[in-house]
Amino acid sequence: MFEPKIMCFLCKWCTYAGADLAGTSRMKYDTSSINLRVMCSSRIDPQHILYAFKNGADGVFIGGCHPGDCHYVEGNYKTLRRVTLFKRMMEDFGIDSRRLRLEWISAAEGKKYVDTMNEFSEQIRALGPLHLEQVTLTKEEICHE
Amino acid sequence: MMGNGKKKKIGIFVCHCGVNIASVVDVERVAKELDGYTDVELSTDYVYMCSEPGQKMILEQIQERGLDGVIIAACSPTLHEKTFQNVAELAGLNPYMVEIANIREQNSWVHTDKEKATDKAVKIVKSMVEKLRGNEHLEPIKVGITRRAMVVGGGVAGLQAALDIADHGYEVVLVEKEPSIGGHMVQLSETFPTLDCSQCIMTPKMVEVSRHPNIKVLTYHEVESISGFVGNFKVRIKKKPKFVDEDLCKLCGDCADVCPQVVPDEFNMGLSFRKAIYLPFPQAIPGAYTLDIDSCLGLLPVRCGKCKDVCDARAIDYDMKEEIIEEEVGAVVLATGYDLYSMQALGEFGGERYEDVINGLEFERILSASGPTGGEVRRPSDGKIPKNIVFIQCCGSRDPELHNSYCSKICCMYTAKHAMLYKHRVHDGNATVFYIDVRAGGKAFDEFYQRTVDEDDVLYMRGKVSKVYKEGDILKVRGVDTLTGKLVEMEADMVVLAMSMVHADGSGELMKKLKVGTDKDGWLAEAHPKLRPVESLNAGFFLAGCAHGPKDIPDTVAQASAAAAKVGDLFARHELLHEPTIVPVIEELCSGCGICISMCPYGARSLDLTKHVVKVNEVLCEGCGACAAACPCGAAQQKNQTDEQIFSMVKAILKG
Amino acid sequence: MNIHYYPGCTLKEKTTNLDDSTREAMAVLGYELVEPANWTCCGAEYPLSEQKISGLTAPARILRQVHSEGGGQVVTTCAFCFNVLKRTNVDIKRNPLKNKQINAFLKDDIKIDPNTKTKTTGFPPYNGEVDVLHLLEFLRDEVGFHTIRAGLKRDLSGLKVAPYYGCRMLRPGGGIGIDSPDSPVIFEEFLESLGCRVVDFPFKQECCGSYLAVSRPAAATEASYQVLRSAIINGADAIALSCPLCYYNLDRRQDRIKDAHAGFSGFPVFFFTQLLAWALGVAEDVLGLDQHYYNPKSVLHNQPKTEVAQ
Amino acid sequence: MKISIKIGADEKKFIDRVSELSGKNVYSCYQCGRCSAGCPFAFDMDILPNQIIRLVQMGLAEEALSCEAINVCASCFTCQSRCPKGIDIASVAEALRQLRDPQEKDFFGPDDVPRELADELPQQALVALFRKLSK
Amino acid sequence: MFTMQHSDQGEEENEPYYQRLIHAGLNQAFSVLESLFFITLTLYGRGRPMAKPKFAIYWAGSCGGCEIAFLDIREKILDVDKAVDLVFCPCIMDTKYKDIEAMKDGEIDVCLFNGSIRNEENLHIAELLRKKSKVMVAYGSCATEGCVPGLGNLTNAEEIQKYAFETSPSTGNPDKIRPRAETKVKGGKLTLPVMCDYVRTLGQVIDVDYFMPGCPPVADQIWAVIEAVLTNALPPKGSVVGVNPKTVCDECDREKNEKRVKRFFRPHEVDPKDIDPNLCLLEQGIVCNGPATRAGCGALCPQVNLGCRGCYGPAEGIEDMGGKLAGSIASVIDSDDPEEIERIVSQIVDPVGTFYRFSLPSSILGRKV
């Protein structure tokens, strides 16, 4: 069975803390995701997302603070702007833009974190593997007639 | 290439956390799989890493093996990161070479499948190895503090903040743009809900401020610009010439007596007149006359010069010039207050057209014993006592479409007070209040409102007014009472508009100069709406009173004291320590495009105009990394979270 | 100089005095008014429902015609026409959906080649290129009130005139009206340029009764009376206005007002263009003053010079 | 004087339909009454303009559609130019008139024009009135 | 440094800006070749009897702009011939592949290979020239990063041919005839090279010594390479030559401040008269790839009010040019409202084509997946 790989970038102040809360509350969710903690979701740029897809991620998740609650005033809005543009580019690249998800999850929303993770894992499972690591432009690229 | 190409010696310590981790994650396998991973010198597990023996083991291993960095795979970094950093420091290792792999909250506690959880733990730890390989030794950025504060605004908020800071033992520079301190509160008549006389409680405070050895009062001064950062500001302040020497003026008033120029009196909201040389009000502090150059006939003695001729004290000096003074301070309290929204904006109420349609502050002056009518309620046009008075609330407030979307908060209460005081003064008069909602949510507020209705027979009409116009010398008010569903037309001798409060800083010029953040309405923005309500987003700036948003006097004073306490908190520190995980600029790569500058909410980044690169004020940088992501050429790299580190962590997570 | 001018139906039928005085006055100022070819009724009422797009096609067609004739602006005097044309134009400019819908209607209009008489369809889309102006705006911004002042031939300095805006020159605001809905000044400034003494009265923006004159005559009569009464008690000698319907309610129906309010004995009402034309020296007989219920001729000739102007 | 309130699917649909047709969010009205206070014909209405909105907010379609007030509105836009929430009651009234039973007769048609007025009325008055009150 | 900079003369000021752009481009092309000849003449033209170095220039999948410059120099081509021995340049010489095949390995001193690898022939010649050349230079944006032909990777060979030969509105081909690799004719067969599925850069198919980006490269780059070859001062293999270490912004004189953009314009949507000539274009809503593009061209496009297109490829600190640019440009959108952001973003009509215009094949993904 297809086991998706989900790369999560979580902001330290809200979503990462929300994920911790899910843990201390002993809620359970899918094992398919692994978190990388950043100070703010606005630390992430499309290069990181592309790199994750290219290196085998089937889905990428970015978690930030709710609008108006950003620890750094407005970092989450910057993330929103980048994600909005990048999602349009994903479609041009032939990657389903649902494979990238941006959510606002606060430190108090352990439940929302768990639900989101389960839901996202399910969605990625339904979308199937992406296998971008196999996409290459090496010398062996075939020339068809 | 990682870690500057130098091989590191990394120690990995996997914690069982009793059974908290070990029951789901095969910790031994984790330790074993990491053994031999790039740069890993040691990989081991232990039942409780945070216990005394656990910590001791880490300490000894660092020292014995000369580890360059350690990873503790255990609980969330929010719990014990500090603990393990201390251990590292004891062992002589830079605390920024400690990383925590969270395999409890974000792994063992949320999963049940042992196999998968163990695989996940391995990847988590590997990703932290990759991060650690790129980490640098960092030292907290240390900055000294100038233990001196500036308070901008001499209203009740500014005075309270200045007094509290001064009482903490620190010097305060109080800057007020008007000739006297006192602000709007000293203009008020009586204050809700206790009806104590505003001047009676305000003037002693003004005197206290003027006499306090730690407070330097600068009236008729305006802040020009500010540079520096928290703990170390340099402020340029413009001193406007008063043309009267404060120390020499004996308050005899001879100058005003001879002055031929008559202008509307600001203190009385234009309801009376003053001379071009004037004392704003009898209890003004500093107690000295001011020559208002805009109204004066001219300083050349050939043109007038009467005031100078009669001044026995020789206090008047026509040669005074505008000056710029500089002050060094460590913190700034912003208490710039409010103004009332222009009545002209609501043309249908006739505010600027009819003399007897006035705003709330004008009515305060009419009610005040020191006001133009000596406290008797008389209308401005002809001095008659108004027998019918109409109050209209929410004039420009709660109107997102045309005016201000916010509630001005104090109008419900002061209108109730106005109606009540009117009834106390004019027993046979009728007071009617048009309102949408009565918001009386403060201590003893609702009781006060009820008293207005119950005991003083004020008629509250639930609805708005659409038009106020004059027929003869009678004002006609057209409105609606939505409770009966009837149109209302009534005659009034006088109409008082509860104009919306707006921030005093006009177009926001001052806040732009100070580079302090404001909200969409121009009010000062707080650092966090719940947890940091008296701090600005910009370190070293604190908020007090209505500059932050509409507030009543008790709230204003409370916030001023809180701001003062925060200043004391800052000044009590030995030095300021700042997280070093900032985002510097690699000058060799930076082309000064300026994109990162607009990303920084703290103003930490600016263009170096000679080198054409961006320079970073390390003390202001909070290390969010938004600029690093926005930097189009990779010249902005966050310390210990570079792009290269993120890439290799991602790779480790996805490929194991 | 030629300018595009949309008179609207009423001016061609019931208020030729407004049309005539406008043309004559503008001719004195050096402008010839050109009507767009084949113009139709604008619809009189801007369709307020989001789903009555078809009501926007008539005004859009008029505007497109002006555009196709090379006109950058179109001037009107009727407040109803002004309101409909202006709001339609704003919709076309600001509302992409309505723009699309309107142009979808318009594109299938039949075009007849004047030479070959062949019929084709497929008009290019109209995107709000034409500016819709009320004549007062044109006088202020293009002609200049100072030009009017310089060209005065007759004296109006004894006349106290109350400018009556009514509804549709000002509201609903938000960039539609010719001035601020609650504190307008343009009419006052215009009258000042004629040398009149301007009387401010609080009912200058109140509704005259509009077409309720047909469906609810009593209510409309009451509304008209309130406007007239307010002008009278504020000391005006006459009212100046722009809208044919306001003129109907305030002047033509004064008989009914008299019936309802015994104290009311009639009051002179002018179109602003009649005052303009008169002041610029246009022959009196073309102004159509005789068409008024209350013939205002006498106040022009016997201006009550009771007070000395400052 | 008692009404029973139920905001079910039909009511919701009615409210949304009014918002959709008028292009105004009727939910956002907070009943300050400025529209009624300024309305020059409120004196001739059976209910006040703000009450029209209130009926819609409460989902009382029948009451809202049968009130006389929506026929009285002269589209003078005084309410719209002052509404703190950007609601235009003329448009809401138009939406309500549009939602009335199409079987009903015209509220005001050519036959209703008083004969003695027919000749003197300005065209614009008739066109505008029929546009509003007849189908 | 570029003749176009003399445009402060009044007369040229009045030229339409696109004409100025064309002049700038031509002048640039001239200036590239002039430098080339100057260099070669200086080094070899003083009558010293020395073997002329052998040069090869090849044109693979590209527009041929790099070669056109050669022809534009007219009679000066003779001077070139004096300085170097041009052994292979199909664009202007009638050399046959078999002549190259007959050469010894490493006989060619420098090969400037221009163009991407679009078909089997490109691939074959790339491999052949690699064998025969001492120094192989990926010359121009196509060979270095894939350039505009590389945007073909947003689709594939089959789709491209289908469109070209079947579905495009201007094609009338009811029998759906496609060119074939082999066609039998009387007296033998005709062959055509087979189109590869995707476009690749030179570096993706052979070992490349130096990269010289630019569409086309400017004079300085050529100078750097030739001088290095002739003086044996070659930089480390794999270097990108002739570029400056920073980005186009460094060479752009426009004033740069904070950036907050409410509206992005496509080039035709803005009247050149409305563009402030002294202010950063991006701040004026004109999408400019300059902040992420290697310096070296002297900020040619921004000088004529055109946003940098990015032909010099990504600057040093960038992993993926399009991704990085998208992140940067989106960052400066002046709105926090999701709907408004969406609207502003939609003003960048083709973000992939805009930000990966010259670098798609060499990006992280390389192609549509």
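Residues numbered from 1 in each chain as written. Chains lettered and ligands numbered in written order. Predicted model: local features only at pLDDT ≥ 70, side-chain atom pairs only at ≥ 80, totals over all residues. Heavy atoms only, no water.

**With respect to the overall build of chain D**
Item 1. Counting its secondary structure elements, chain D contains eight helices and zero strands.
Item 2. With respect to the principal axes defined by its C-alpha atoms, chain D has extents near 50 × 35 × 30 Å.
Item 3. Across the 135 residues of chain D, 61% fall into the buried class.
Item 4. Expressed as a percentage of contacts within chain D between residues at least 6 apart in sequence, the contacts between residues at least 24 apart total 65%.
Item 5. Carbon and sulfur atoms form 52% of the exposed surface of chain D, whose accessible area is close to 5900 Å². (Helix = DSSP H or I, 4+ residues; strand = E, 2+ residues; numbered from the N terminus. Buried < 20%, exposed > 50% of the residue type's maximum accessible area, 1.4 Å probe, protein only. Contact = heavy atoms within 4.5 Å. Areas by Shrake-Rupley, 256 points an atom, 1.4 Å probe, with all protein chains shown as cover.)

**Describing the interface of chain C and chain D**
Item 1. Each side of the interface is counted separately: chain C has 45 residues, and chain D has 44 residues.
Item 2. Carbon and sulfur atoms make up 58% of the surface buried where chain C meets chain D, a total of about 3700 Å² over both sides.
Item 3. Its largest share of buried area at the contact with chain D, chain C owes to C:L48, C:Y211 and C:V214, together 18% of the area lost on that side.
Item 4. There are five salt bridges connecting chain C and chain D.
Item 5. The salt bridge partner of D:K132 is C:E45, with a shortest N-O separation of 2.9 Å.
Item 6. Run the count over chain C and chain D and you get 21 residue pairs in polar contact (both at pLDDT 80 or more).
Item 7. Breaking the side of chain C that touches chain D down by element, the ones donating at least two residues are α1 (9-13), α4 (79-94), α9 (212-215), α10 (217-233) and α11 (244-252) of chain C.
Item 8. Considering only residue class, the side of chain C that touches chain D consists of 22 nonpolar, nine polar and 14 charged. (Buried area = accessible area lost by both parts, 1.4 Å probe. Salt bridge = Lys/Arg side-chain N within 4 Å of Asp/Glu carboxyl O. Polar contact = N/O pair within 3.5 Å; in protein donor to acceptor, adjacent residues only side chain to side chain. Nonpolar A, V, L, I, M, F, W, Y, C, P; charged D, E, K, R; others polar.)

**Remarks on the domain arrangement of chain B**
Residue and element names in this part refer to chain B.
Item 1. What the domain assignment lists for chain B is domain 1 (10-138), domain 2 (148-240 + 324-336 + 504-571), domain 3 (242-321), domain 4 (339-502) and domain 5 (582-638).
Item 2. Counting from both sides, the interface comprises 20 residues of domain 2 and, opposite them, 27 residues of domain 4.
Item 3. Between domain 2 and domain 4, the buried area comes to about 1900 Å², and carbon and sulfur atoms account for 63% of it.
Item 4. Its largest share of buried area at the contact with domain 4, domain 2 owes to F192, P193 and P550, together 29% of the area lost on that side.
Item 5. Here domain 2 is connected to domain 4 by two salt bridges. (Domains from an automatic or database assignment.)

**As for helix α1 (residues 9-22) of chain D**
Residues and elements named next belong to chain D.
Item 1. Over its 14 residues, α1 runs 20 Å from end to end, which matches the ideal 20 Å to within 8%, given 1.5 Å per residue.
Item 2. Among the residues of α1, those classed as buried are E11, F14, I15, V18, S19, L21 and S22.
Item 3. Summarising the contacts, the buried residues of α1 are in contact with α3 (49-57), α4 (61-66) and α7 (89-99).
Item 4. Just past α1, the residue G23 takes up positive phi, approximately 70 degrees. (Expected span 1.5 Å × (residues − 1).)

**Side note on the sheet that holds strand β5 (residues 133-139) of chain E**
All names here are of chain E.
Item 1. An order of β2-β1-β3-β5-β9 is seen for the five strands of this open sheet, with the pairing classed as parallel. The open sheet is flanked by β2 (85-88) and β9 (210-212), the only strands paired with a single partner. The sheet shows a mean angle of 30 degrees between the axes of neighbouring strands, direction not considered.
Item 2. Pairing of strand β1 (residues 54-59) with β2 involves three bridges; the strand directions are parallel. Considered in β2, the bridge of K54 is made with D85.
Item 3. Most of the contacts of helix α6 (residues 120-132) go to β5, to which it runs at about 140 degrees, and overall it touches β1, β2, β3 (108-114) and β5. (Pairing = 2+ DSSP bridges. Axes fitted to C-alpha atoms, helices over the stretch in contact; angles between N-to-C directions.)

**A closer look at the interface of chain E and chain B**
Item 1. The partner chain B presents 23 residues to the 22 residues of chain E that form the contact.
Item 2. Of the roughly 1700 Å² buried between chain E and chain B, counting both surfaces, carbon and sulfur atoms make up 58%.
Item 3. At the surface where chain E touches chain B, the tally comes to zero salt bridges.
Item 4. Joining chain E to chain B, the criterion identifies nine residue pairs in polar contact (both at pLDDT 80 or more).
Item 5. Contributing elements (two or more residues each) for the side of chain E that touches chain B: β10 (244-247), α10 (248-251) and α12 (321-331) of chain E.

**Regarding the state of the cysteines**
Item 1. In total, this model carries two disulfides over all chains according to the counting rule given.
Item 2. The disulfide partner of A:C14 is A:C65, and the S-S distance across this bridge is 2.5 Å. Because the torsion about its S-S bond is 100 degrees, the bridge between A:C14 and A:C65 counts as right-handed. Of this pair, A:C14 sits in the loop between β1 (6-11) and α1 (15-24) while A:C65 sits in the loop between β3 (59-64) and α3 (75-92), and the two are 51 residues apart along the sequence.
Item 3. Disulfide partner of B:C197: B:C200, at an S-S distance of 2.4 Å. (Disulfide = S-S within 2.5 Å.)

**Let's talk about the arrangement of the chains**
Item 1. Here six pairs of chains are in contact, and chains C and D lead that list by number of contacts.
Item 2. There is no contact between chain A and chain C; across them, the least C-alpha separation is 22 Å.
Item 3. At no point do chain A and chain D touch; the closest pair of C-alpha atoms across them sits 22 Å apart.

**What to know about the sheet that holds β3(A)**
All names here are of chain A.
Item 1. With parallel pairing, the four strands of this open sheet are ordered in space as β2-β1-β3-β4. In the strand order of this sheet, the two ends are held by β2 (33-38) and β4 (100-104), each with one partner. Adjacent strand axes in the sheet meet at a mean angle of 20 degrees, parallel and antiparallel pairs treated alike.
Item 2. Those strands touched by α1 are β1, β2 and β3, and its axis lies near 110 degrees from that of β1.
Item 3. Helix α4 (residues 110-127) rests against β1, β2, β3 and β4 of the sheet, and its axis sits at about 170 degrees to β4.

**Notes on the domain arrangement of chain D**
Many analyses report the size of an interface as the accessible area lost when the parts associate.
Residues and elements named next belong to chain D.
Item 1. By domain assignment, chain D separates into domain 1 (9-102) and domain 2 (104-135).
Item 2. Taking only C-alpha atoms, the centre of domain 1 and the centre of domain 2 are 23 Å apart.
Item 3. The interface of domain 1 with domain 2 comprises nine residues on the first partner and five residues on the second.
Item 4. Summed over both sides, the interface between domain 1 and domain 2 buries roughly 650 Å², with carbon and sulfur atoms accounting for 46% of that surface.

**Here's the deal with the nonpolar core**
Item 1. Grouped together as the largest cluster of nonpolar side chains are 284 residues, with contacts concentrated most on B:F363, C:L139 and C:F190.
Item 2. Residues contacting B:F363, with those up to four places away along its chain left out, are B:I358, B:V377, B:I389, B:F391, B:H418, B:Y422, B:M494 and B:V496.
Item 3. A:L36, B:C75, B:I597 and E:I318 belong to the second largest nonpolar core, which has 124 residues in total. (Core = buried A, V, L, I, M, F, W, Y, C linked by side-chain atoms within 4.5 Å.)

**Comments concerning the environment of C:V227**
Residue and element names in this part refer to chain C.
Item 1. Within the secondary structure, V227 is located in helix α10.
Item 2. Separated by 22 residues in the primary sequence, V227 and Q205 place their C-alpha atoms 9.0 Å from one another.
Item 3. For V227, the contacting residues outside a window of four places in its chain are Y164, F201, F203, E206, C207, I239 and L250.

**Looking at the packing of helix α5 (residues 114-134) of chain B against helix α17 (residues 643-655) of chain B**
All names here are of chain B.
Item 1. Remark: α5 packs on α17, axes separated minimally by 8 Å, with the N-to-C direction vectors making an angle of 160 degrees. Relative to α17, the element α5 is oriented roughly antiparallel. For α5 against α17, the interelement crossing comes out right-handed. Between α5, through K123, K126, S127, M128, E130, K131 and G134, and α17, the contact on the second element is made entirely by Q645, S648, M649, A652, I653 and L654. (Parallel < 35°, antiparallel > 145°, perpendicular 65-115°, else oblique. Left-handed = near helix turned anticlockwise from the far one by under 90°.)

**So, the pairing of strand β9 (residues 238-241) of chain C**
Regular strands place their side chains on alternate faces of the sheet.
Residue and element names in this part refer to chain C.
Item 1. By the alternation rule, side chains of β9 split into A238 and A240 and I239 and L241, which are all buried.
Item 2. Pairing analysis gives three bridges linking strand β7 (residues 160-163) to β9, with the strands arranged parallel. Note that in β9 the partner of A162 across the bridge is I239.
Item 3. Bridge count between β9 and strand β10 (residues 269-271): three bridges; the pairing is parallel. By the bridge assignment for β10, A240 is matched with F270.

**Examining the confidence of the model for chain D**
All names here are of chain D.
Item 1. This prediction gives chain D a mean pLDDT of 90; 99% of its residues lie at or above 70.
Item 2. Element-level pLDDT for chain D is lowest in helix α8 (residues 123-133), with a mean of 87, against a maximum mean of 96 in α3.
Item 3. Here the prediction assigns the complex a pTM of 0.72, and the interface score ipTM is 0.65. (pLDDT = per-residue confidence, 0-100.)

**Looking at the packing of aromatic side chains**
Item 1. Tallied over the full model, the rule gives 27 aromatic pairs over all chains.
Item 2. When the ring of B:Y406 is compared with that of B:W523, the centres are 5.6 Å apart and the planes differ by 75 degrees; the resulting orientation is edge-to-face. One end of the pair, B:Y406, is in the loop between β21 (388-395) and α11 (411-425); the other, B:W523, is in the loop between α13 (509-514) and β29 (526-528), with 117 residues separating them in the sequence.
Item 3. For the ring pair E:Y58 and E:F88, a centre distance of 5.8 Å and an interplane angle of 5 degrees mean the geometry is stacked. Pair noted here: E:Y58 is in strand β1 and E:F88 is in strand β2, with a separation of 30 residues, a long-range link. (Phe/Tyr/Trp six-rings, centres within 6.5 Å; stacked < 30°, edge-to-face > 60°.)

**A word on the pattern of salt bridges**
Item 1. The full count for this structure, using the stated rule, is 96 salt bridges over all chains.
Item 2. When the shortest N-O distance is used, the salt bridge between E:D336 and A:R81 registers 2.9 Å. With one member in each of two chains, E:D336 in the loop between α12 and α13 (338-345) and A:R81 in helix α3 form a pair that bridges those chains.
Item 3. A residue is classified by how much of its surface remains accessible, and E:D336, at 33% relative accessible area, is partly exposed.
Item 4. Here the residues in one salt-bridge network are A:E3, A:D30, A:E122, A:R125 and B:K116, joined through shared partners.

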